[in-house]
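Summary of the model geometry
Listed below are the residues making up each chain.
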Amino acid sequence: MTPASESDFAKLCEVCSRLDIRHMSHPHHPCRKPLPCSTAPIQRRYEADITLGSVDEIKSRRLDCDLCQLIAKCLDKEPSDVSGTCRMTQSREFCTFNLPRKVRVQDHSITHFHLTQASVIFDTSIANQFQGPSLPWELKERDSQRTHYINQLKARAGSCVEPGDPAVDTPQTEQEFLATIGGRYVPAQVSTHLIRAWLHQCETKHGKGCRPSLPVSLEQTRVPTFVIDVIQSCLVYSPSQCRYVALSYVWGAAAVYKHLRENTQDLQKTGSLLSLPIPATIRNAMTLAHAIGERYLWVDSLCIIQNDSEMLQSEITRMGSIYSKALFTIIAASGDSADSGLPGVEQGSREQLQKILRFAECELLSVIDMTQSGIDDTPWAQRAWTFQERILSNRILVFSESQVYWSCRAAAHSEERALEGVKIIERVHLPFPQKYSMDCLSWKPLQPSEYRLLYDDLLSNYRQRRLSYQTDMLNAFNGVSEILAALQDDTFFWGLPGSLFSYAMTWNFTGHSARNQVHVPIIGSKGFKEMVPTPSWSWAAWSGEDPNHPPFLQGGGDSWVRPVIDFYLVDTEHQLVSIKERPWQDHPDNGTHASWREQGPHQPPSLTHHSLSQIGRLSFWTSLVNARAARRWRLQGLHRVGGVEYTLSPPSDFRSPSHYRSEIVQQDFIVVAASSARKLVLLAIEWEDGVAYRVGTTYVDEEAWVRLEDRQWRLITLG
């Protein structure tokens, strides 16, 4: 830290002078309580919040007080009709951590430390009860945001020691070590030395936890066909045991230069990428990889021949391998196109947002990232393709507008926090740009019930993201399917896991959806290309009508769905294959009797039937009935927003709530599964040329189904 003269020290007004700067300069507080610690919020043990004044009072002092100036700049961003008062809590808890073993501890009764930061809280009120027109974010502010944090300050670490520095392994006293913990100044240009240090720490300290052994089927999968050699600035065929960095980004509206059959030879010439119109994000990723000492980079637009349909399909089905085998993945989370670049890589590409208040006791740095959502609202986080790229990567390097984050399976770091030397026990207020429950996939086989929950979670999160082309619905999920299939020794059929097929058939949208009528290219083993409609029984065949508000998908409404039907599928070679479901060993069996199964034929279907000429169609024997049913959907104003719900044999006085629209119909239903609660899972179907198509799903008591008249035992072809 550069010594500061008195003239450099921050000026404080009379109000702000009441703050205990000395206390804020020592943000790590020892605790002797056992873990997990149930200590009340740490600020309650110190002086109560200090009132800084109203909006007008703070702004009136901004010229004479550096802290008021900093707060006033934040208040300038508030809606003009909002007023209120500000107060500061000097010890808002940030995280809980342990000291590493090499530190010489003074007091062995201390079990852990609490790290705190100062926070400015704005208690808002509406000036003059203004109720006029407002922009959307102002309405949200009025409706729900009465108290929120507008600024946070952290003490700058006295002497940052980065991973890889020889001093890291040198024994230190407790005082010496704690001096390395705290805030870090974030320069306008990202420190490649810091990124190398994060990678070095992960590779040397974290062990197999951050590079778990992949399933044999994935280990044997070949590396990507092409990678970019960032030293030679050209494409090369991937060398054996290739160590490469991957890039995850959004194409957006940028004119992305693509690898095509026509230019493949030119792209392999040394220096070829230097003169081509490569988007800024890709060019910055090349610069970064070179700067941190890595030679190879994988980028989809250049490393896959985009007009070679056979290679395209082959590489897309191996996305799980590509991202899981990458050394780490660079995530370009800050922009809306491939031309947005990686902020901080090139000079002048990132604004320096951090403010410094210098005092005799310490330096206080403003916190750059105070959001709890991180990058969840960015275009990158909303795109379907980037979903699997994140969760399949073992390590990620995230570029936001203001700073860079690192995350692996053992640690999470940011440019503005010097916390590499500690073991974080609990992240109380540690924002990180990702809030998925799974974050990244486990590489261990799961029990069926765990597998079902994971599949539901992944699918629900994925289907809330956006696609430019509905034909990519399955492609953008193929990496997830590949990994799950390898981990569980499973096979996926049009996005549904074979071992959980009956359960997976019960998917349902809670939002309004409709068949997307998408046809996808299928290339058989003989190289013939065929355009095939996505089957109606797959969730990939359905889309929300409003692409900006994709429907939420839940993988079935009952915890214990039991397979009771033998399904057969026409595969990509036009062969009829049996879908082998595994018995669930960890679910209760209450002895449900299949009294609805008729004494009819059950033999496997034959491909000679004309309805089984198309890839993706299912064939199976089941119980069918044409029944009177109530069909209803939820309305919001005049717009249909809810999924279709069916009620079999409704009473004559059936009525729906006022916010629903309903109608009574004669509908065909078929049984596809059973549940542990003596219920049957039904598909509502419609017919076209002797082929059934799914239009909805519902549940019915087994006894009620048996009582229905005119039930038939039929061989169904489901398209």
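Residues numbered from 1 in each chain as written. Predicted model: local features only at pLDDT ≥ 70, side-chain atom pairs only at ≥ 80, totals over all residues. Heavy atoms only, no water.

Time to look at the overall build of the protein. Each helix and strand in the protein was counted, giving 18 helices and 38 strands. When the 719 residues of the protein are sorted by exposure, 53% land in the buried category. Once local pairs closer than 6 in sequence are excluded, the contacts in the protein between residues at least 24 apart make up 77%. Accessible surface computed for the protein: about 32800 Å², of which carbon and sulfur atoms make up 49%. (Helix = DSSP H or I, 4+ residues; strand = E, 2+ residues; numbered from the N terminus. Buried < 20%, exposed > 50% of the residue type's maximum accessible area, 1.4 Å probe, protein only. Contact = heavy atoms within 4.5 Å. Areas by Shrake-Rupley, 256 points an atom, 1.4 Å probe, with all protein chains shown as cover.)

Attention shifts here to helix H3 (residues 66–75). Since the α-helix turns once every 3.6 residues, residues separated by three or four places project in the same direction. With 7 of 10 residues buried, H3 lies mostly within the body of the structure. Among the residues of H3, Leu 67, Cys 68, Leu 70, Ile 71, Ala 72, Cys 74 and Leu 75 are the ones counted as buried.

Scanning all chains against the criterion turns up 18 salt bridges. Look at the salt bridges and you will find they share partners, linking Lys 59, Arg 62 and Asp 76 into a network. (Salt bridge = Lys/Arg side-chain N within 4 Å of Asp/Glu carboxyl O.)

Here the focus is the packing of helix H14 (residues 384–391) against helix H15 (residues 448–462). At a closest axis distance of 10 Å, the pairing of H14 and H15 adopts a crossing angle of 140°. Taken as axis vectors, H14 and H15 run oblique relative to one another. For the pair H14 and H15, contact is made by Ala 384, Phe 387 and Ile 391 and by Leu 458, Asn 461 and Tyr 462, respectively. In terms of residue class, the contact of H14 with H15 is made up of 5 nonpolar, 1 polar and no charged. (Axes fitted to C-alpha atoms, helices over the stretch in contact; angles between N-to-C directions. Parallel < 35°, antiparallel > 145°, perpendicular 65-115°, else oblique. Nonpolar A, V, L, I, M, F, W, Y, C, P; charged D, E, K, R; others polar.)

Within the fold, Ser 543 resides in strand E27 (residues 542–543). Using a relative accessible area of 10% as the deciding quantity, one classes Ser 543 as buried. A distance of 3.0 Å separates a polar atom in the side chain of Ser 543 from a polar atom in the side chain of Asn 516. With near-sequence residues (within four places) excluded, Ser 543 lies in contact with Arg 463, Gln 470, Met 473, Ser 513, Ala 514 and Asn 516. (Polar contact = N/O pair within 3.5 Å; in protein donor to acceptor, adjacent residues only side chain to side chain.)

Moving on, we get to the nonpolar core. The biggest cluster of nonpolar side chains holds 136 residues, and the ones touching the most others in it are Ile 228, Met 505, Trp 537, Trp 539, Leu 618 and Trp 705. With near-sequence residues (within four places) excluded, Trp 537 lies in contact with Phe 493, Trp 494, Leu 496, Phe 501, Met 505, Trp 507, Leu 569, Gly 616, Leu 618, Arg 694, Leu 718 and Gly 719. (Core = buried A, V, L, I, M, F, W, Y, C linked by side-chain atoms within 4.5 Å.)

Most of helix H16 (residues 478–488) sits inside the fold, with 10 of its 11 residues counted as buried. Restricting attention to buried positions, one finds in H16 the residues Gly 479, Val 480, Ser 481, Glu 482, Ile 483, Leu 484, Ala 485, Ala 486, Leu 487 and Gln 488. Phi for Asp 489, located one or two positions after H16, is positive at around 50°.

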